[in-house]
Structures are given as C-alpha cells and as structure tokens.
Amino acid sequence: MGALAGRGIARPLGLDWPIVQAPMAGGITTPALVASACEAGALGSLGAAVLSPLRIREEVAAIRALTARPFAVNLFVLDEPDTFARTGEADAIARLAAWRARYGLPPQSPPARVCESSAAQIDAVVEAAPAVASFHFGIPSAARLDALRRAGCRIVGSATNVAEARAWVDAGVDAIVAQGAEAGGHRGTFVGGFDEGAIGTMALVPRLVDAVDVPVIAAGGIMDGRGIAAALALGAAGVQLGTAFLACDESGAHPKWKAALAEADARGTRLTRVFSGRHARGLVNGFMEAMRADEAAVPVYPVQNALTGDLRAAATKAGDVEGMSLWAGQGAAMARAMPVRELVGRLVAETDAALAAARGAA
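Now for a description of the structure that goes with this document.

Conventions and cut-offs
- Residues numbered from 1 in each chain as written.
- Predicted model: local features only at pLDDT ≥ 70, side-chain atom pairs only at ≥ 80, totals over all residues.
- Heavy atoms only, no water.
- Axes fitted to C-alpha atoms, helices over the stretch in contact; angles between N-to-C directions.
- Helix = DSSP H or I, 4+ residues; strand = E, 2+ residues; numbered from the N terminus.
- Parallel < 35°, antiparallel > 145°, perpendicular 65-115°, else oblique.
- Left-handed = near helix turned anticlockwise from the far one by under 90°.
- Contact = heavy atoms within 4.5 Å.
- Nonpolar A, V, L, I, M, F, W, Y, C, P; charged D, E, K, R; others polar.
- Phe/Tyr/Trp six-rings, centres within 6.5 Å; stacked < 30°, edge-to-face > 60°.
- Buried < 20%, exposed > 50% of the residue type's maximum accessible area, 1.4 Å probe, protein only.
- Pairing = 2+ DSSP bridges.
- Expected span 1.5 Å × (residues − 1).
- Arc of directions from axis to C-beta.
- Lys, Arg positive; Asp, Glu negative; His and termini not counted.
- Salt bridge = Lys/Arg side-chain N within 4 Å of Asp/Glu carboxyl O.

**Quick look at the packing of helix 3 (residues 53–64) against helix 5 (residues 118–128)**
Packed helices, taken two at a time, are described by the angle between their axes plus the distance between the axes.
Moving on, step 1. Where helix 3 contacts helix 5, the axes come no closer than 8 Å and their chain directions differ by 30°. When the axes of helix 3 and helix 5 are compared, the pair comes out roughly parallel. Read as a crossing pair, helix 3 and helix 5 show a hand that is right-handed. Residues P53, I56, R57, V60 and R64 of helix 3 form the contact with helix 5, whose participating residues are A120, Q121, A124, V125, E127 and A128.
Moving on, step 2. Residue composition of the contact of helix 3 with helix 5, by class: seven nonpolar, one polar and three charged.

Below you can see the structure in the form of structure tokens.
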C-alpha cells in the first residue's frame, strides 16, 4: 500500500493514512466532508467551535449516517459566555455601521450572548463519544478530560510553542497538533503572547518532537505530498491539512470563497484580529484593509466575533468576498478543486513519491 500506509498516528487511530482533515468552524466541515475524509482513510474532523450542543449532536449523527470509521470533533476552549469583558463594544459597533449598511442590515445592538457555553459543548461531545476530541485555544478541565476518556475519546490538543505542548502532556494528551504560523484560521496560542506562538511549521515541529513524548501532528502550510514528506522527515507522526480541503466539492465554503483561493498569490494572506478579536490567517480582502488601522482596538474574541457574525453571514449570502472572513493558510494558491477521496488519493501517491525520491537521493 506504499510507505505512508499505517504510519505514525494511522494505526492507533484506526486510519489508513496519518492524515487529518483539519476542523474548520463555521459550516466548512460539513458531515459530507468529514465522512468523505474518513472513508478515504484519513481522520475527518468536525469543526464544532461555534455550534450549540444540539447542533453538535445533530452533526455527529449526520456523520455517523455516512461512515462507520473514526472521526474527530473539535472545540475551542473558552470561558463561559457571561465572563467576557465587553470593553470597546460601542466603538466597535460604530466602526461596523457602514459595512452593515452595505448589506442592508439594521443598526446593531450589543449581542445578548457572545458564544456558546464551552462546558455544555464538551458535555455534548462526551455524549456523542467520537473517536477523537480535539481542542484549540486551551486545555479543558481535568474532570471534563476524564469524562471524555471514559466515553472512549482520544484527546488531541493544539500547541503553538513548547510550553503549550508540555502543558498538554501534563494533562494526559494522546497527541499534539503543532500549529505553525502558516496555518489558516485562528491561532491557538494560550501560553505566552502572540509572538511566542508565531513559529513556522518547519521550526515548530522538531522542537515539539524533541520536547514531548507523545505523537506530534504537523499543521500549517502543508498542501501536497511534498509537504507531508517534509513533516514526516522532521519527526511528525502525522499531518493536519485544512486549506487543502477547503476547495473540495464537499466543503461548505461558498463557491466564491473557493474561487478566491486561486487569487491567493495576488491577494496574499495575513494574520488579523478584525473579524473575530483573535489573530487568524485569511486571504486579504476589503474588510481587512478597511479595518486595519483599528485592529488593536477591536474587542477580544469572542465579543468581536459575535459583533461581526451577521455581517459575515450577509456578505456570504450576497456572495461578496470583500466582506467574508476568507480563512486560508499561506499555501492557499496550491488548493485543488476535486472530491475529497480524489484529494486524499493524490496526497498519498505524492507522499510515497516524495519519500521514494528522498531515499534515492540519500
């Protein structure tokens, strides 16, 4: 079956290949996308960070109706909704007024609730009992991690620096996703500041491999078999790809978002806080540029995320890429539009070829 079959995390997780389809919140990781990745031998991941507990149960049921293979459910680890400071909210609402008018939205009032209850979401995942529960932005309480383990879940945590990886090991994690700075979407940094977590994948992976005794999954900028082979050469036990799956037929991304990936070299990508209040990488567009001068002043995540929620939804409905949060990694221009099964097949073949070429050159 080739050099990639059963390697690294594949065998213990019941996969054919050590490939994880990254969780992408906001409706991108549809049940069809997750199940197709699973059926192709990878680990499909549901991005459940903004879903209610009821929706988590519904999405998991939809995935299970399509596949019997292992999959992951991913959550952000946040404080409870009523604990977030609403500092700067009024000014943020004023800054967004012109963009709301652009889409015919009414004047904005402060949202009553800025996010789902993280505790209730985790309880829903315990009930759903997927093969893997993965986390971003922090580490859940020991009690909830224990509940997930009792439900049969393996625990995977995201780390952007060595301190975070060691904190996850202390919590009893089964594997760590090393999120390089090239990655699309939200940065997962939770120990230290932004700079401590802005480490490229090629530098981060070997540092974590050397620092911890659990499998490390490389993420960030990996788009094809060459990238997978490079990550394995650095000691990674697997890889996680998000942007590579974004253009797939089963992805929930808007068609114009998918088309914009082909413009990535012209648009560029940038880390920004203007959409959500937390650094996230996406294709540069009109909203990013218009709000850039006020980036430092926007409220924290998830307050800013809640304030821009219906604006982003309206932009998506209108098919206006200048108002969407076009999350994508630095390799976005290499995204390929095709069914998930075909993409996974190509990734496997490309990796085997790259590994064979490396052996031949040695």
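Moving on from the coordinates now.
**Focus: the packing of aromatic side chains**
Moving on, step 1. The final tally for this structure, using the stated rule, is seven aromatic pairs.
Moving on, step 2. When the centroid spacing of 6.5 Å and the interplanar angle of 25° are considered together, the rings of F135 and W168 count as stacked. Placement of the pair is F135 in strand 4 (residues 132–136) and W168 in helix 7 (residues 162–170), with a sequence separation of 33 residues.
Moving on, step 3. Judged by its relative accessible area of 0%, W168 is buried.
Moving on, step 4. For the ring pair F137 and Y301, a centre distance of 5.6 Å and an interplane angle of 85° mean the geometry is edge-to-face. Here the residue F137 occupies a position in the loop between strand 4 and helix 6 (142–150), and Y301 occupies one in the loop between helix 13 (286–291) and helix 14 (303–318), the gap between them amounting to 164 residues.
Moving on, step 5. Residue class for F137 comes out buried when judged on its relative accessible area of 7%.
Moving on, step 6. Clustering of aromatic rings is evident, with ring pairs tying together W99, F275, F287 and W327.

**Comments concerning the sheet that holds strand 9 (residues 238–241)**
Moving on, step 1. Spatially, the eight strands line up as an open sheet ordered 1-9-8-6-5-4-3-2, and their pairing is parallel. Bordering the open sheet on either side are strand 1 (19–21) and strand 2 (44–47), each of which pairs with just one other strand. For this sheet, the mean angle separating the axes of adjacent strands, direction not counted, is 25°.
Moving on, step 2. Set on the sheet, helix 5 makes contact with strand 3 (71–76) and strand 4; between it and strand 3 the angle comes to about 170°.

**Looking at helix 15 (residues 340–361)**
Moving on, step 1. Look at helix 15: 31 Å from first C-alpha to last across 22 residues, which is about the 32 Å you get at 1.5 Å a residue.
Moving on, step 2. Those residues of helix 15 that sit buried are V340, L343, V344, L347, V348, T351, D352, A354 and L355. All buried residues of helix 15 lie within an arc of 165° about the axis, which places them on one face of the element. Residues of helix 15 that are exposed and point more than 90 degrees away from the buried face comprise R341, G360 and A361.
Moving on, step 3. Of the surrounding elements, those touching the buried residues of helix 15 are strand 1, helix 2 (31–39), helix 9 (225–233), strand 9 and helix 10 (243–246).

**Points about the sheet that holds strand 11 (residues 280–283)**
Moving on, step 1. Reading across from one edge, 7-11-10 is the order of the three strands in this open sheet, with antiparallel pairing throughout. Among the strands making up the open sheet, the edge pair consists of strand 7 (185–186) and strand 10 (269–272).
Moving on, step 2. In terms of strand pairing, strand 10 meets strand 11 through four bridges, oriented antiparallel. Counterpart to R270 in the pairing with strand 11 is G282.

**What to know about unusual backbone geometry**
Moving on, step 1. In this structure, the amide linkage connecting Y301 to the following residue, P302, adopts the cis form with an omega of 5°.
Moving on, step 2. Looking at where P302 falls in the secondary structure, it is placed in the loop between helix 13 and helix 14.
Moving on, step 3. One non-glycine residue, A129, lies in the positive phi region at around 50°.
Moving on, step 4. Turning to its location among the elements, A129 is positioned in the loop between helix 5 and strand 4.

**Comments concerning the side chain of E250**
Moving on, step 1. Following the sequence through the fold, E250 ends up in the loop between helix 10 and helix 11 (255–261).
Moving on, step 2. One buried charged residue, E250, remains without a salt bridge, the closest side chain of opposite sign being K258 at 7.2 Å.
Moving on, step 3. Once residues lying within four places of it in the same chain are set aside, the contact partners of E250 are T30, A32, L33, S36, M338, P339 and V340.

**Details of helix 9**
Moving on, step 1. What helix 9 keeps buried is the set G225, I228, A229, A231 and L232. The buried residues of helix 9 occupy an angular sector of 160° when projected down its axis, which confines them to one face. In helix 9, those exposed residues whose orientation departs by more than 90 degrees from the buried face are R226 and A233.
Moving on, step 2. G235, located one to two residues past helix 9, shows a positive phi value of around 105°.

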